[in-house]
Amino acid sequence: MKYFKDGQVIKGITIGSVLIVVYLALNNINGILGTISYFAGLIMPFIVGGVIAFILNVPMKAIEKKLNKFVDKKCKKKHPKVVRITAYMLTLIAILAVIAGVILVVVPELVSTISQLISQIPNAVNNLINWLELKLSSFPEYEEKIKNITINWDSILANAMSFLSVGTRGIINGGIGAISGLFSGITNFFIGFVFSVYVLFQKERLSAQCKKLMYVLLSESKADRIVEVMRLTNTTFSNFLSGQCLEACILGCLFVVTMLILRLPYALLIGIIIAVTALVPIVGAFMGCAVGAVLIMIDSPLKAVIFIVVFLILQQIEGNLIYPHVVGNSVGLPGIWVLVAVTIGGNLFGIMGMLTFIPISSVCYALLRTYVNRKIEEKEVGVEKYNTK
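All of these numbers come straight from a predicted model, not from anything done at the bench. (Residues numbered from 1 in each chain as written. Predicted model: local features only at pLDDT ≥ 70, side-chain atom pairs only at ≥ 80, totals over all residues. Heavy atoms only, no water.)

A word on the overall build of the chain. From N to C terminus, the chain includes twelve helices and zero strands. Traced from its N-terminal end to its C-terminal end, the chain shows the element sequence α-α-α-α-α-α-α-α-α-α-α-α. Taking all 389 residues of the chain together, the buried fraction comes to 23%. Of all intrachain contacts in the chain linking residues separated by at least 6 positions in sequence, the fraction that spans at least 24 positions is 67%. (Helix = DSSP H or I, 4+ residues; strand = E, 2+ residues; numbered from the N terminus. Buried < 20%, exposed > 50% of the residue type's maximum accessible area, 1.4 Å probe, protein only. Contact = heavy atoms within 4.5 Å.)

Per the counting criterion, the structure on display carries six aromatic pairs. Residues F286 and F311 carry aromatic rings whose centres are separated by 5.2 Å and whose planes lie at 75° to one another, so their mutual orientation is edge-to-face. In this pair, F286 is assigned in helix α10 (residues 284-299) and F311 in helix α11 (residues 301-331), connecting sequence segments 25 residues apart. Overall, the relative accessible area of 43% leaves F286 in the partly exposed class. Each residue in the set F255, F286, F307 and F311 is aromatic and connected to the rest through ring pairs, giving one cluster. (Phe/Tyr/Trp six-rings, centres within 6.5 Å; stacked < 30°, edge-to-face > 60°.)

This part is about the confidence of the model for the chain. Summarising the model, the chain shows a mean pLDDT of 75, and 72% of its residues fall at 70 or more. Within the chain, no element has a lower average pLDDT than helix α5 (residues 140-148), which sits at 58, and none a higher one than helix α7 (residues 203-217), at 86. (pLDDT = per-residue confidence, 0-100.)

Now for the packing of helix α2 (residues 29-70) against helix α8 (residues 220-261). The contact between α2 and α8 brings their axes to 10 Å, and the two run at 70°. When the axes of α2 and α8 are compared, the pair comes out roughly perpendicular. Facing α2, whose interface residues are F54, I55 and V58, α8 presents N234, F237, S238, L241 and S242. For the contact of α2 with α8, the residue count by class is five nonpolar, three polar and no charged. (Axes fitted to C-alpha atoms, helices over the stretch in contact; angles between N-to-C directions. Parallel < 35°, antiparallel > 145°, perpendicular 65-115°, else oblique. Nonpolar A, V, L, I, M, F, W, Y, C, P; charged D, E, K, R; others polar.)

Let us now look at a positive patch on the surface. On the surface, a cluster of positive charge is contributed by K61, K65, K66 and K69. Take K66: it is sitting in helix α2. Take K66: its relative accessible area is 52%, and that puts it in the exposed class. (Patch = residues over 30% accessible without salt bridge, like charges linked within 9 Å, V, L, I, M, F, W, Y side chains within 5 Å. Areas by Shrake-Rupley, 256 points an atom, 1.4 Å probe, with all protein chains shown as cover. Salt bridge = Lys/Arg side-chain N within 4 Å of Asp/Glu carboxyl O. Lys, Arg positive; Asp, Glu negative; His and termini not counted. Charge placed at Lys NZ, Arg CZ, Asp CG, Glu CD.)

One finds F255, M259, I270, I274, I296 and F307 to be the most contacted residues of the largest nonpolar core, which totals 24 residues. At the level of secondary structure, the elements contributing two or more residues to this core comprise α8, α9 (267-277), α10 and α11. The biggest single contributor to this core is α9, with six residues. With sequence-adjacent residues up to four places away left out, I270 is seen in contact with M259, P265, G292, L295, I296 and F307. Residues I52, L56, A87 and L92 belong to the second largest nonpolar core, which totals ten residues. (Core = buried A, V, L, I, M, F, W, Y, C linked by side-chain atoms within 4.5 Å.)

It is worth spelling out the packing of α7 against α8 at this point. Following both chains from N to C, one finds α7 and α8 inclined at 150°, their axes separated by 8 Å at the closest point. The handedness of the crossing between α7 and α8 comes out as right-handed. Between α7, through K211, M214 and Y215, and α8, the contact on the second element is made entirely by E220, A223, D224, I226, V227 and R231. (Left-handed = near helix turned anticlockwise from the far one by under 90°.)

This next bit is on α10. With 16 residues, α10 should cover 22 Å at 1.5 Å per step; its first-to-last C-alpha distance of 24 Å lies within 8% of that length. Along α10, the residues that are buried comprise G284, A285, G288, C289, G292, A293, L295, I296 and I298. (Expected span 1.5 Å × (residues − 1).)

Per the stated rule, a full pass over the model turns up three salt bridges. E64 is the salt-bridge partner of R84, the closest N and O atoms lying 3.1 Å from each other. Here E64 lies in helix α2 and R84 lies in helix α4 (residues 82-137), a separation of 20 residues in the sequence. E64 shares its class with R84; the two are buried. Between R225 and E228 there is a salt bridge, with its nearest N and O atoms 3.2 Å apart.

Using the criterion set out here, one finds zero disulfides in the structure. This cysteine, C245, is not joined by any disulfide, and C249 carries the nearest cysteine sulfur, 6.8 Å off. A residue is classified by how much of its surface remains accessible, and C245, at 35% relative accessible area, is partly exposed. (Disulfide = S-S within 2.5 Å.)

Bringing unusual backbone geometry into the picture now. Peptide bonds are, in most cases, trans, and in most cases residues other than glycine have a negative phi. Unlike most non-glycine residues, R263 shows phi in positive territory, near 60°. Among the structural elements, R263 can be located in the loop between α8 and α9. Backbone geometry at Y266 places phi at a positive 55°, although glycine is not the residue there. Of note, Y266 is situated in the loop between α8 and α9. Residue Y266 is classed as buried on the basis of its relative accessible area, which comes to 17%.

Take the environment of A62 next. Counting through the fold element by element, A62 comes out in helix α2. As for A62 and A87, which are separated by 25 residues in sequence, their C-alpha atoms are 8.7 Å apart.

Laid out in structure tokens, this is it:
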């Protein structure tokens, strides 16, 4: 038994146990991933609900703070939840109104543009055929070769029927899978939405319960540190969400005003598209630019070129002035690190990485800054003590 009191023996046993567990895990990686996927599917509705609650809590908290100034204290005592219910309903109405407004403006314009594009296709095809005939008339040798080309229509028809039969089975199977996935997604969203309502109306109680649990399971210093990090994380993500929405609205308004001044078509439609896509940090506006350039090109290629030039100018203004100050200051992250966070997050996890890496980097930046400042103060104190001696 004395061997088990030796620290080196215990350390060796621990390392050996960890290595055995890692070896078994690597040999059963598929089963472990399947188990993780299964449990992730079980908790997915609650993750969705947490995300919904967090997003709704940002405007809801601001509305609730405003309502508390106007509601009488006697009314609060008789109906303690009247302010929260009102704030929640106003938040839902505002979000649904924004979504409905975007749909009512974007969808009719897109339908009109697509129908206009379809109506222009026959003329474009005829112009292409006439152009080809004109060009080929100058090269009789190629015209003769084209005339000598023979097409086996029976073989083409047989291959087309075979492709359609295989493709139809794939479409049916894919359609069943898509319907199943859509039903699962709707179910997860509905459960998550109901869960988010409970979270938003009982957030103080849930926060208190989590704190009690941490202080019971952990030491007081560790629990205080975790509470501090969670508070900083919540503040940073909330500021990032509000800052990103404000930046998108500013950019969309800039495009609408500039395009109206230059008399470019689809000003309101393109402004809304760019504002929506700009919710993706830095690179989202470029996706809106691509859509806007295609829409304007149908009307006039020259105006499309002017739009691209305008976009590049406004993008420079937005990237160098608006975004670092609005979003960078809202999350306490310098502009250079905003760009680094977007680049790394986009390369690792795509659009979701872009959306989450800025607030995550801001939290890490704040924690590192606090740690470094504390260490510098400790060293300065140490130097002063050393000098006094």
